[in-house]
Amino acid sequence: MARSLDGLVLAPVADQAPGQVGTRTRFAYHERDGAIWAEYTGGDVVRGHLVGTRAGDRLDFRYVQLKRDGTTSSGHCVSAVVELPDGRVRLEETWEWESQPGAGTSMVEQVTEHAP
């Protein structure tokens, strides 16, 4: 199993559609006893929260966010936790909106103080 997400900051590898998370979004993860949660902000997202569970290297969580235009949205995501060769963590995500149409895949990777 890949290491704990607790205390890690992750960022998307690529921008999603406008109004969604993007490379300027930062996720601050927490993990304890099979529970995961995170706060996120940046780009078009003023404030976002996710909460769910971890079983092995699989995350299953729901997310809700407030965007700069004042709208809110929510959805569901299942992610695989992958440890990269350099020791950082990547989440390979499959997500779907529940409050609006849309679904897709994305990747977020651990940000370190040495990353650009």
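Residues numbered from 1 in each chain as written. Predicted model: local features only at pLDDT ≥ 70, side-chain atom pairs only at ≥ 80, totals over all residues. Heavy atoms only, no water.

As named in an unreviewed UniProt entry, the protein chain is N-acetylglutamate synthase, taken from Streptomyces collinus.

Participant: What is the right way to look at the pairing of strand β4 (residues 45–55) in this model?
Facilitator: Note on strand geometry: in a regular strand, side chains alternate between the two faces of the sheet. Two elements, strand β3 (residues 35–42) and β4, share seven bridges in a ladder whose sense is antiparallel. Note on β4: the bridge partner recorded for Ile-36 is Gly-52. Taking the residues that link successive antiparallel strands as the turn, the β3-β4 hairpin has two residues, and the phi of Gly-43 there is positive, at about 65 degrees. Connecting β4 to the antiparallel partner strand β5 (residues 58–67) that follows it, the hairpin turn spans two residues, and Gly-56 within it adopts a positive phi of roughly 65 degrees. (Pairing = 2+ DSSP bridges. Helix = DSSP H or I, 4+ residues; strand = E, 2+ residues; numbered from the N terminus.)

Participant: Any chance you could explain the sheet that holds strand β1 (residues 9–12) here in plain terms?
Facilitator: Taken together, eight strands build a closed barrel; the order of strands is β1-β2-β3-β4-β5-β6-β7-β8 and the barrel is antiparallel. Each neighbouring strand pair of the sheet contributes to a mean axis angle of 30 degrees, computed without reference to strand direction. (Axes fitted to C-alpha atoms, helices over the stretch in contact; angles between N-to-C directions.)

Participant: So what exactly am I meant to see when it comes to the pairing of β1 here?
Facilitator: Bridge count for β1 against strand β2 (residues 26–32) is two bridges, and the pairing is antiparallel. The residue bridging Leu-10 from the neighbouring strand is Phe-27, located in β2. Note: β1 against strand β8 (residues 103–110), three bridges, orientation antiparallel. Directly across from Pro-12, in β8, lies its bridge partner Val-108.

Participant: Just checking my understanding: could you explain the pattern of salt bridges for this structure?
Facilitator: Where charged atoms from two side chains of opposite charge come close, those side chains can pair. By the definition in use, this model includes nine salt bridges. Asp-57 is the salt-bridge partner of Arg-54, the closest N and O atoms lying 3.1 Å from each other. The salt bridge involving Glu-92 is made with Arg-90; its shortest N-O contact spans 3.8 Å. (Salt bridge = Lys/Arg side-chain N within 4 Å of Asp/Glu carboxyl O.)

Participant: Please clarify how the side chain of Arg-54 should be interpreted in this entry.
Facilitator: Tracing the backbone shows Arg-54 in strand β4. With relative accessibility at 9%, the residue Arg-54 sits in the buried group. There is a polar contact of 3.1 Å between the side chain of Arg-54 and the side chain of Asp-57. Aside from chain neighbours lying at most four places away, what touches Arg-54 is Met-1, Ala-2, Arg-3, Ser-4, Leu-5, Glu-31, Gly-34, Ile-36, Leu-59 and Val-81. (Buried < 20%, exposed > 50% of the residue type's maximum accessible area, 1.4 Å probe, protein only. Polar contact = N/O pair within 3.5 Å; in protein donor to acceptor, adjacent residues only side chain to side chain. Contact = heavy atoms within 4.5 Å.)

Participant: When you look at the nonpolar core in this model, what are you seeing that I'm missing?
Facilitator: In summary, soluble globular proteins display a tendency toward joint burial of nonpolar side chains. Leu-5, Tyr-29, Leu-50, Phe-61, Tyr-63 and Leu-91 are the most contacted members of the largest nonpolar core, which has 22 residues in total. Only β2, β3, β4, β5, β6 (72–83) and β7 (89–97) provide two or more residues apiece to this core. Looking at this core element by element, the count peaks at four residues for β7. In this structure Leu-50 touches Phe-27, Tyr-29, Ile-36, Trp-37, Ala-38, Tyr-40, Phe-61, Arg-62 and Tyr-63, once residues within four positions along its chain are discounted. (Core = buried A, V, L, I, M, F, W, Y, C linked by side-chain atoms within 4.5 Å.)

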